[in-house]
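One-letter residues, chain by chain:
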Amino acid sequence: MARVRLENVRKVYGVESQAFVAVHGADLEVRDGELLVLVGPSGCGKSTLLRMIAGLETISEGRLSIGDRVVNDVPPKDRDIAMVFQNYALYPHMTVYENLAFGLKLRKLPGDEIDRRVREAGAILELAEILDRRPRQLSGGQRQRVALGRAIVRQPAVFLFDEPLSNLDAKLRVQTRGEIARLHRRLGATMIYVTHDQVEAMTLGERIVVLNEGRIQQIDTPLGLYERPANRFVAGFIGSPAMNLVEGVVERPNAPVFRALDGGLTINLTSAAVPEGCIGQRVTLGIRPENIRVAGSLTSGGTQSEATLLLDVVESMGNEIFVYARSGNQAIVARVPPEPLPAPGEPIRLVFDLDKLHFFDSTGGDRLG
Ligand code: ATP
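Let us look at the structure shown here. (Residues numbered from 1 in each chain as written. Predicted model: local features only at pLDDT ≥ 70, side-chain atom pairs only at ≥ 80, totals over all residues. Heavy atoms only, no water.)

## Thoughts on the packing of aromatic side chains
And then number 1: A full pass over the atoms with the stated rule returns 4 aromatic pairs.
And then number 2: Considering the side-chain rings of F233 and F237, the 5.5 Å spacing of their centres and the 15° angle between planes classify their relative orientation as stacked. Taken together, the positions of F233 and F237, both in helix 8 (residues 232–237) and 4 residues apart, correspond to about one turn of that helix.
And then number 3: Under the relative-accessibility criterion, F237 is labelled buried at 17%.
And then number 4: Within the aromatic cluster, the residues linked to one another by ring pairs are F159, F161 and Y193.
And then number 5: Lying across the ring of Y226, R288 places its NZ or CZ 3.8 Å from the centre. (Phe/Tyr/Trp six-rings, centres within 6.5 Å; stacked < 30°, edge-to-face > 60°. Helix = DSSP H or I, 4+ residues; strand = E, 2+ residues; numbered from the N terminus. Buried < 20%, exposed > 50% of the residue type's maximum accessible area, 1.4 Å probe, protein only. Lys NZ or Arg CZ within 6 Å of the ring centre and 35° of its normal.)

## Examining the site of the ligand
And then number 1: All residues in the neighbourhood of the ligand are listed as Y13, F20, A22, P41, S42, G43, C44, G45, K46, S47, T48 and E163.
And then number 2: One of the backbone N or O atoms of C44 is found 3.0 Å from an oxygen atom in the ligand.
And then number 3: Residue T48 places a side-chain N or O atom 2.5 Å away from an oxygen atom belonging to the ligand.
And then number 4: Computed on the free molecule, the ligand has an accessible area of 630 Å², of which 56% lies beneath the protein chains in the complex.
And then number 5: With 3 residues, the single largest contributor to the shell around the ligand is helix 1 (residues 46–54).
And then number 6: Split into classes, the residues belonging to the shell around the ligand amount to 5 nonpolar, 5 polar and 2 charged. (Near = heavy atom within 4 Å. Polar contact = N/O pair within 3.5 Å; in protein donor to acceptor, adjacent residues only side chain to side chain. Areas by Shrake-Rupley, 256 points an atom, 1.4 Å probe, with all protein chains shown as cover. Nonpolar A, V, L, I, M, F, W, Y, C, P; charged D, E, K, R; others polar.)

## Brief notes about the side chain of E34
And then number 1: Relative to the assigned elements, E34 resides in the loop between strand 2 (20–30) and strand 3 (35–39).
And then number 2: Side-chain polar atoms of E34 contact the side chain of R207, separated by 2.5 Å.
And then number 3: Once residues within four sequence positions are removed from consideration, E34 is found in contact with E29, H184, A189, T190, M191, E206 and R207. (Contact = heavy atoms within 4.5 Å.)

## Regarding the packing of helix 4 (residues 140–152) against helix 5 (residues 170–187)
And then number 1: Between helix 4 and helix 5, the least distance of the axes is 11 Å, while the angle of their chain directions is 20°. By the angle between their directions, the pair helix 4 and helix 5 is classed as roughly parallel. Here helix 4 runs over helix 5; the crossing is right-handed. Contacts between helix 4 and helix 5 involve G140, G141, R145, L148 and I152 from the former and L172, E179, I180, L183 and L187 from the latter. (Axes fitted to C-alpha atoms, helices over the stretch in contact; angles between N-to-C directions. Parallel < 35°, antiparallel > 145°, perpendicular 65-115°, else oblique. Left-handed = near helix turned anticlockwise from the far one by under 90°.)

## As for the sheet that holds strand 19 (residues 347–353)
Hydrogen bonds between backbone groups are what pair the strands of a sheet, and the pairing can be parallel or antiparallel.
And then number 1: An order of 15-19-16-17-18 is seen for the 5 strands of this open sheet, with the pairing classed as antiparallel. The open sheet has two edge strands, strand 15 (292–294) and strand 18 (330–336), and neither has a second partner. Averaged over all pairs of adjacent strands, the angle between strand axes in this sheet comes to 45°, irrespective of strand direction.
And then number 2: Relative to strand 17 (residues 321–327), strand 16 (residues 304–316) is paired through 6 bridges, and the arrangement is antiparallel. Bridge pairing in strand 17 links L310 to R326. (Pairing = 2+ DSSP bridges.)

## Points about the pattern of salt bridges
And then number 1: Tallying each qualifying case throughout the model produces 20 salt bridges.
And then number 2: With its nearest N and O atoms 3.2 Å apart, the salt bridge here joins R63 to E7. Pair noted here: R63 is in strand 4 (residues 61–66) and E7 is in strand 1 (residues 4–13), with a separation of 56 residues, a long-range link.
And then number 3: We note a salt bridge from R326 to D312, for which the minimum N-O separation is 3.1 Å. Of the two residues, R326 sits in strand 17 while D312 sits in strand 16, which places them 14 residues apart along the sequence.
And then number 4: Its relative accessible area of 35% is what places D312 among the partly exposed residues.
And then number 5: Residues joined in a network through salt bridges with shared partners are R3, R5, E29 and D68. (Salt bridge = Lys/Arg side-chain N within 4 Å of Asp/Glu carboxyl O.)

## Quick notes on the pairing of strand 8 (residues 190–195)
And then number 1: Counting buried residues in strand 8 gives 6 out of 6 residues, a clear majority hidden from the surface.
And then number 2: Neither face of strand 8 is left uncovered, since the one carrying T190, I192 and V194 and the one carrying M191, Y193 and T195 both have all their residues buried.
And then number 3: Bridge count between strand 7 (residues 158–162) and strand 8: 5 bridges; the pairing is parallel. Across the sheet, the residue bridging to D162 is V194, located in strand 8.
And then number 4: Following the chain from strand 7 across helix 5 to the adjacent parallel strand 8, one finds a crossover that is right-handed. (Right-handed = clockwise from strand over helix to strand, strands pointing away.)

As structure tokens, this is what we get:
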């Protein structure tokens, strides 16, 4: 196993007027044995970053090391990595066994060693019963497990996953996600996993790297990202329904009050911890849907502030309700337990938990306080 280190790694596609910077100076260390997830919206540069680690894309600037070796100029086959893609590309004319053994044969490993590794991977991934089948005789989930098996038999220092579950249906995705987590625990291997799906990132990653427009936004544990997003982008990207982000001004006629720019929502901040320097400033106020509840329901204690909005839409999930309300053009979503609610179009009193507010700089989006 090995750690992977990126020092100021940049990727520029094209030249001169056509040049496009896909990754701007990434600094990152993946610890030995860690499962690290790269997540971000389409086009943020996550596949480019992974492909540079794999050696499938050249590095324009900076340094990449695997273990103690700088590998910028080392070809992919000599990097001691194995990659699993979205398209598992199994050889259709070969059996599962032959698909698993193929790479090892090319490396001229002794036959008994190949057999041992194939059977071990087959046992880990529960493929033992289907080693004689061909890919067309397998389900999508089984095919993806064979693709995982092909990576395992190589016993690489680092596993790289590029959206490996995207072709599977929702149920199978959850199941295979669990298999990858178990595989990681069992092998204790260094794994780097790319996805655009924040749920996949939160459930799999020991640490997560959030990327946007080619820049690393934050590197943290799932809980760290959720509880202390470093900026407005991370705040809005991690969590579903997304954090409410409201543009406004913190005023202090007597006590501090947040006034939204759009639609007249005001939140009394008297007992809130308002970060230094916010008073009189334009800020983005953030509050997660679960930190808003309907007035009159059971209180959770803590400091609170109430506002009246118009109820727009109610989405019942069975175990909880998403309440969409608005004040003018300002939309707010709350996530509340099942309870009787006013009818859509009626006023609704919402209570904001003042201990759970986030403040971001309105211009740059950085977290304040
Ligand atoms: P997705 O989730 O859609 O795969 P991604 O985050 O993996 O997105 P990348 O594939 O890394 O994104 O692409 C990052 C940016 O680099 C995109 O804007 C893309 O258009 C651009 N890009 C990728 N490959 C090339 C290329 N060969 N030439 C020029 N630009 C490229």
